[in-house]
Structures are given as structure tokens and as C-alpha cells.
Amino acid sequence: VQLQAFGGGLVQAGGSLRLSCVASGRTVSNYIMAWFRQGPGKEREFVGGITRTGVRKFYADSVQGRFTLTRVNAENTVYLQMNSLKPEDTAVYYCASTIRPYGQIPSASTGYDYWGQGTLVTVSS
């Protein structure tokens, strides 16, 4: 499956952005989907993940309550709505997917098989 991430940009602190991850090649409904990010000089970190049906979601503590994942399987798309953005949210955001039969949403990057190209989010103070 190929993943493409869209929606990054420059936003002021307190603002909002919505990222999209569009999958092609396979139906995304079979995949757990997730977002990771990598800030300047930092390691890649888990942001959030969503199960195949979209019923269960798991977020990093740093974004809990501010970010929301949704998916529209009919459109092969996963969205990351980011509200109350902070300068520390500045990063390249990557979407990822896996078809492995996990019982829980993995938070390690090694748990994912397919990655998008990344989209830059810059939050100014």
C-alpha cells in the first residue's frame, strides 16, 4: 500500500490544522493506521493510532485531548485533526500502516510496515 500525507503548513500557536493520509494500492480498511512525528533534532515519536474499524484510538500523552483521529475507509483516508497547537508540535508528520493482526495499536515505529512521505507542520509562537 502507498501512503501520501497532506495538510501540513504554518500555523500560529493555538491554531488548528487537519492532516490527511490517503492510501492507494490496497483497501485501507484492513490496516491499523497511525501518525508519527519527528521534530528538529528529535527521534520519531508516536502521535496516535486507530484500529481498522475506527472504534478504538490510542494517543500519545502529549497530544491527548488536542488531537483527534478519524478514518473514512470508503475514501481510503485517515485524518488527524490537530487543535490547540503548540510550538513543540512542530515536526514532520508521517502516516503509517500495518496489516499485522495486532490486538492493540502499536506505538513503536517498528510495528508498522508502510510509511508516507511526511508533511511539515510548523507552529509559531
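Before going into details, it helps to say that this report is about the structure given with it. Along each chain, residues carry numbers from 1 onward, in the same order as the chain's sequence is written. Note on the predicted model: pLDDT of at least 70 is required for a residue's local features to be given, and 80 or more for side-chain atom pairs to be given and counted; whole-chain, interface and lining totals, by contrast, use all residues. To get the side-chain values, take all heavy atoms of the structure and skip hydrogens and water.

Before going further, it helps to examine the pattern of salt bridges. Counted as salt bridges are all cases of a side-chain nitrogen of Lys or Arg within 4 Å of a carboxyl oxygen of Asp or Glu. By the definition in use, this model includes four salt bridges. Among the ionic pairs, Glu45 bridges to Arg37, the shortest N-O distance being 2.6 Å. The buried category is assigned to Arg37, whose relative accessible area is 4%. Close ionic contact of Asp113 with Arg100 constitutes a salt bridge, the shortest N to O distance being 2.8 Å. Of the two residues, Asp113 sits in the loop between strand E9 (91-98) and strand E10 (114-115) while Arg100 sits in the loop between E9 and E10, which places them 13 residues apart along the sequence. When accessible area is computed with a 1.4 Å probe and restricted to protein chains, residues below 20% of their type maximum are described as buried, those above 50% as exposed, and intermediate ones as partly exposed. Here Arg100 falls in the partly exposed class, since its relative accessible area comes to 31%. Helix and strand definitions follow DSSP, with helices as H or I runs of at least four residues and strands as E runs of at least two, each counted in order from the N terminus.

Along strand E11 (residues 119-124), the buried face is formed by Thr119, Val121 and Val123; none of Leu120, Thr122 and Ser124, which line the opposite face, is buried. Note: two strands are recorded as paired if DSSP finds a minimum of 2 bridges between them. Where strand E2 (residues 9-12) and E11 come together, four bridges link them in parallel fashion. By the bridge assignment for E11, Gln12 is matched with Ser124. Direction of pairing for E9 relative to E11: antiparallel, over a ladder of three bridges. In the sheet register, Ala91 faces E11, and the bridge partner there is Val121.

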